[in-house]
Amino acid sequence: MKEANMSLPVSMGSLLQAALEEDAAHRDDGLCVVGIFGKSNMQSSPPKESLINTLADKHIFSLFGVPEDDGGTADSHIQAFYNQESRVLYLLLSSVSDSRQLLRACQSLSAGIGHSDAHDFWKGLDRQHCLHLLYMFSVCHVLLLVHPNQTFDVSYDRLFRALDALRQKVLPLIRAAIKDCPVSKEWKVNCRPCPPRLLFVFQMNGSLKVSGNGSESGGNPDKPKKHSPRRRLQHALEDQIYRIFRKSRVLTNQSSNCLFTVPANQAFVYVIPTVEEDPVGALLGQLRSNCILCEQDSTTLVSGPRRYQQMRRSARQPGFGGDSGGMSMGGQPVDCSLKEFLWQHVELVLTKKGFDDSVGRNPQPSHFELPTYSKWIQVASRLHQVLISNTEEETAELATKVQSQLKVLEGFLDADTKFSENRCQKALPLAHSAYQSNLPHNYTTTVHKNQLAQALRVYSQHARGVAFQRYALQLHEDCYKFWSNGHQLCEERSLTDQHCVHKFHLLPQPGEKTDMDRNPPILNHNSRGRSTSSCNCGRKQAPREDPFDIQAANYDFYQMLDEKCCGKLERIDFPVFQPSTPDPAPACNQPAQRVPCEASGSGEAERLKESTTAQSHTPGDTSLSLALSLGQSTDSLGPYADGEGTETQVQQKRPSLVDRQPSTVEYLPGMMHSGCLKGLLPKFSSWSLVKLGPAKSYNCHTGLEQPGFLPGSSFLLPWDLVIRSRSEEDAGLTEPLDGGTSSWPAPNKTLVGKRGSTGGLGRSRRRDDMARVFVGFEYEDSRGRRFISCGPDKIVKVLGPGGAKDPATRVLNTDMPLYIPSPSQGRGLKPHFAQLARLYIVVPDAPLEVTLNPQVQPGPPPCPVFHPEQTDIVLSPDSLWVLRFPYSYSTERGPCYPPKENQPLNNYKVLRGILKATTANPPPQ
């Protein structure tokens with residue numbers, strides 16, 4: 001290694017990887033390794049780098065610039081400088097304890113980082129610092145601890161105890177790493193050349209001044225002190241440090257068992273005096289002293305102990321280095337320089353005397369070895385791979401094991417985490433008690449979340465520190481385990497929006513029986529809600545459980561009553577899915593916009609396309625009603641309980657399902673509605689249309705003789721229609737009699753039953769020109785109370801004979817509500833609603849063609865319009881028909897729940913135009 005290559009410091013990795021050549025004269029000489037670590041501040045006192053400049057008598061480190069080989073990161077790193085002339089290798093550790101590295105660490109932290117993440121970042125830097133320190137304590141003979149003021153930092157006691165514990169843990173791993181190195185057996189066993197001697201260097205700040213004459217004798221200024229104030233400070237610091245380390249057992253009697261040693265009969269504390277306030281004069285004095293020293297070095301080059309004596313003589317000269325005490329003042333001894341302070345320890349290493357720092361009655365000699373440069377490089381390289389770099393595959397396993405042993409540092413260095421964990425552990429039982437207070441045995445997710453929020457509030461009042469988030473997650477897990485371990489309520493909601501009362505359970509498979517003993521149990525859903533409903537024809541009532549699926553609500557209950565009541569009645573069967581495969585699958589929902597099949601002309605199709613486009617951008621536009629009326633699908637059903645419906649519904653004829661053959665492979669999972677896919681049928685029909693008997697089976701004077709009707713509310717409403725005879729003009733023409741603008745009564749015609757009329761008939765008409773249809777919208781509440789409505793907000797009430805007087809045109813020309821308040825409310829605050837259950841139609845024996853086309857919208861838009869599987873049903877004459885509406889409405893996306901207390905009922909309605917009547921040609925005589 002040439003002198004030209006030693007002018008600048010290099011990183012530790014570069015030193016170990018470079019193939020350096022030593023001079024032949026010094027190749028077999030021993031090597032003393034001096035390590036420097038500690039703290040630095042941002043004040044004008046010299047940093048650690050300046051100490052090496054002073055010790056080596058060369059300008060090696062720049063005091064004002066930033067080193068280029070440190071990587072520019074906050075990670076700890078070691079720089080090396082080999083002074084081959086004095087056979088001393090200097091190792092300088094820079095870590096987060098230095099102001100420059102601390103500033104870089106603060107800059108690397110992002111602004112939004114959490115408290116716990118920031119704590120992990122700082123503790124990661126501390127662990128890295130400990131590993132670098134352990135490396136230096138394993139390869140150095142002498143260590144210098146540099147501190148920026150004259151007060152000992154007691155946190156070093158905890159740091160050294162942590163390093164000692166870590167060293168004992170990783171000692172077997174280090175032995176395995178250096179077992180093949182060419183060093184002595186003692187080095188391999190103890191994993192270091194000798195117990196390193198630790199020296200302390202303090203920098204006196206401006207708060208402590210020493211008088212010029214050094215006379216601080218209290219009341220007698222003429223009496224000189226034996227030692228200068230700086231030396232007395234050094235002795236006081238030595239006593240303080242030694243007592244602290246002995247009491248914490250960092251230092252013991254046997255030096256071979258300690259992490260480091262301190263000399264018993266030599267000074268191990270040095271205090272650098274305050275820098276002169278005149279920086280120019282200080283620099284000139286240091287320049288003068290350096291020039292004098294360089295001239296002496298150029299005349300006589302002496303190495304070894306003689307050089308040390310020469311340096312001692314040169315140090316006695318006034319003005320050397322600026323850190324000597326100068327000439328004797330008042331009879332006091334002259335204080336030594338920093339170089340003299342260090343060199344008395346280095347000389348013991350270079351002369352192979354070693355350190356005998358054991359104390360006590362039976363002191364044991366400690367091992368000592370002075371390696372050559374090449375041997376030291378081999379050992380240092382192996383340790384660097386295991387403790388710091390971890391770049392070679394041979395030592396990768398050992399390095400991984402070393403990293404796993406770093407947990408031992410947490411008990412010494414991470415006091416914040418220990419306090420936080422103790423605090424959070426005490427807060428957890430309080431949070432658990434808050435969660436379990438006032439809890440039912442089984443409860444839903446909403447109750448669980450509310451109780452968990454309360455528990456977190458209690459936890460946050462007591463928990464503190466970096467472990468807050470970790471124990472908060474544990475609180476989440478504990479509360480969830482408590483809830484799911486036998487306390488979880490079934491989350492299924494019935495079609496009437498009531499929760500199942502059972503705890504979490506499984507549904508029985510087809511043919512499987514219920515089993516309460518299994519975990520989880522096998523049970524059917526039950527909300528404990530019971531209601532009374534009538535059968536398809538309305539002649540028999542029975543209690544029913546609160547349904548949880550659409551088949552139980554609209555099919556199974558009525559099929560059970562069919563066997564007892566109306567199974568033999570004539571009916572119109574609606575088309576349902578007929579499978580052609582043994583395992584049919586439900587159709588996938590594809591909410592794509594479709595153009596109706598029956599658009600009259602291209603102009604109407606273009607208007608419809610524009611309407612659909614407007615619907616996608618303006619949800620509140622009336623085009624949504626048009627799309628729902630024409631059978632178009634919407635993007636999403638959304639919550640049917642929200643939103644405002646449009647009052648105007650444009651009614652047009654729905655495209656017929658006969659246009660496409662129904663699928664026999666896929667079925668519709670929900671009910672038929674305006675947004676479902678074409679060509680699909682459900683597995684069962686939710687509607688029913690039965691014939692109770694001939695038209696004369698209804699008596700307008702007695703009303704419907706069925707159970708559950710309120711008194712006087714079982715009368716159907718008359719709907720009088722005028723029939724033109726075939727002998728009159730416009731024979732063969734038909735007239736729509738749907739209650740619209742062209743229906744009865746016509747202009748200049750007299751209403752039936754009006755005052756002044758002659759029997760309600762014109763002179764030119766016969767009695768068989770008029771036909772009377774009876775219509776009744778029946779509502780039924782959950783208690784089985786039934787009544788006929790004669791308007792959106794009125795109930796039929798007939799007190800005397802003669803039947804209902806209100807005409808049916810009012811209920812046929814308006815949107816009838818699907819739910820209305822029940823006339824008999826209970827004692828509770830919750831209102832009871834009656835739901836539209838049936839439509840009664842009495843078709844007389846007359847040339848009339850009555851067409852049934854029910855359309856129900858059970859919610860505000862974008863709720864679709866529901867209709868039976870067959871539309872435009874023609875009812876046969878001379879018959880009493882009963883259309884049973886679905887008990888619940890559901891699509892493939894979910895059920896449409898009944899309205900809540902604060903929701904307007906006008907959004908739940910049966911659209912007008914449910915019945916249409918036209919005259920029919922009489923059969924030929």
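So, how was this worked out
Residues numbered from 1 in each chain as written. Predicted model: local features only at pLDDT ≥ 70, side-chain atom pairs only at ≥ 80, totals over all residues. Heavy atoms only, no water. Disulfide = S-S within 2.5 Å. Buried < 20%, exposed > 50% of the residue type's maximum accessible area, 1.4 Å probe, protein only. Salt bridge = Lys/Arg side-chain N within 4 Å of Asp/Glu carboxyl O. Helix = DSSP H or I, 4+ residues; strand = E, 2+ residues; numbered from the N terminus. Pairing = 2+ DSSP bridges. Contact = heavy atoms within 4.5 Å.

Novice: Help me understand the state of the cysteines, please; the structure alone is not making it clear to me.
Specialist: Under the counting rule described, the total for this entry stands at zero disulfides. We note that C32 lacks a disulfide partner, and the nearest cysteine sulfur, in C194, lies 8.5 Å from it. For C32, a relative accessible area of 0% gives the class buried.

Novice: Looking at this structure, how should I read the pattern of salt bridges?
Specialist: Close approach of charged atoms lets side chains of opposite charge pair. Taken as a whole, this structure holds 18 salt bridges when the rule is applied. Linking K39 and D153 is a salt bridge whose minimum nitrogen-to-oxygen distance equals 2.4 Å. Placement of the pair is K39 in the loop between β2 (32-38) and α2 (48-56) and D153 in the loop between β5 (142-147) and α5 (155-178), with a sequence separation of 114 residues. Look at the salt bridges and you will find they share partners, linking E778, E780, R786 and R838 into a network.

Novice: How should the pairing of strand β28 (residues 915-919) be read in this particular structure?
Specialist: Along any regular strand, the residues point their side chains to alternate faces of the sheet. By the alternation rule, side chains of β28 split into L915, A917 and T919, which are all buried, and K916 and T918, of which none is buried. Two strands pair when backbone bridges link them, and strand β21 (residues 848-852) and β28 are joined in this way by five bridges, in the antiparallel orientation. Bridging across to β28, V850 finds its partner in A917.

Novice: Explanation requested: the side chain of S531 in the structure shown.
Specialist: Counting through the fold element by element, S531 comes out in strand β8 (residues 530-534). Assessed through its relative accessible area of 9%, S531 is described here as buried. With residues near it in sequence (within four places) discarded, S531 still touches A542, P543, R544, S782 and Y887.

Novice: Mind showing me how you'd approach the sheet that holds strand β18 (residues 816-817) here?
Specialist: To summarise the sheet geometry, strands pair through backbone hydrogen bonds and adopt either a parallel or an antiparallel arrangement. Strand order in this open sheet of three strands is β18-β27-β22, and the pairing throughout is antiparallel. Every interior strand has two partners, whereas the edge strands, β18 and β22 (856-858), have only one. Pairing of β18 with strand β27 (residues 908-910) involves two bridges; the strand directions are antiparallel. Paired with P817 across the two strands is K909, which belongs to β27.

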